[in-house]
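Close look at the chain arrangement
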Amino acid sequence: MKATARVVAEHTNNGTALRVLKGEAPLLPRRTGPSEVHFVGGAAARSAATT
């Protein structure tokens, strides 16, 4: 299994701005504070197949 994530943080006068927060299952970034990110496990959503 392979997953990628992208986090882009920028230092501003007011602290840290998280400009990009993207990920794909099973590696999902979640904002947990004003300038904190944790990576959590997640499952891909499956769409219902129509027959």
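Since we're looking at a predicted model, the values are computed, not measured.

1. Focus on the overall build of the protein
The number of helices and strands found in the protein is 0 helices and 4 strands. Its helices and strands taken in sequence order, the protein reads β-β-β-β from the N to the C terminus. In the protein, which comprises 51 residues, the share counted as buried stands at 10%. For the protein, the proportion of contacts with a sequence separation of at least 24, taken over those separated by at least 6, is 8%.

2. As for the pattern of salt bridges
One pass over the structure, following the stated rule, counts 1 salt bridge. Across the pair Arg19 and Glu10 runs a salt bridge, and its minimum N-O distance is 2.8 Å. Here Arg19 falls in the exposed class, since its relative accessible area comes to 52%.

3. Digging into the pairing of strand β2 (residues 15-23)
It is a general feature of regular strands that their side chains alternate between the two faces of the sheet. Sheet topology places strand β1 (residues 5-12) next to β2; 8 bridges connect them, and they run antiparallel. When the sheet's bridge partners are listed, His11 is paired in β2 with Thr16.

4. Focus: the pairing of strand β3 (residues 27-33)
When β3 meets strand β4 (residues 36-41), the two strands line up antiparallel, connected through 6 bridges. When the bridges of β4 are listed, Pro29 appears paired with Phe39. Two successive antiparallel strands, β3 and β4, enclose a turn made up of 2 residues.

5. A look at the environment of Gly42
Take Gly42: it is sitting in the segment after β4. Once the C-alpha coordinates of Gly42 and Pro29 are considered, the two residues, 13 residues apart in sequence, prove to be 9.7 Å apart. Setting aside residues up to four positions removed in sequence, Gly42 forms contacts with Ala25, Pro26 and Leu28.

6. Things to note about a nonpolar patch on the surface
Together, Val7, Leu21 and Phe39 give the surface a local cluster of nonpolar side chains, amounting to about 230 Å² of exposed area. Relative to the helices and strands, Phe39 is located in strand β4.

How each quantity is defined
- Residues numbered from 1 in each chain as written.
- Predicted model: local features only at pLDDT ≥ 70, side-chain atom pairs only at ≥ 80, totals over all residues.
- Heavy atoms only, no water.
- Helix = DSSP H or I, 4+ residues; strand = E, 2+ residues; numbered from the N terminus.
- Buried < 20%, exposed > 50% of the residue type's maximum accessible area, 1.4 Å probe, protein only.
- Contact = heavy atoms within 4.5 Å.
- Salt bridge = Lys/Arg side-chain N within 4 Å of Asp/Glu carboxyl O.
- Pairing = 2+ DSSP bridges.
- Patch = residues over 30% accessible without salt bridge, like charges linked within 9 Å, V, L, I, M, F, W, Y side chains within 5 Å.
- Areas by Shrake-Rupley, 256 points an atom, 1.4 Å probe, with all protein chains shown as cover.

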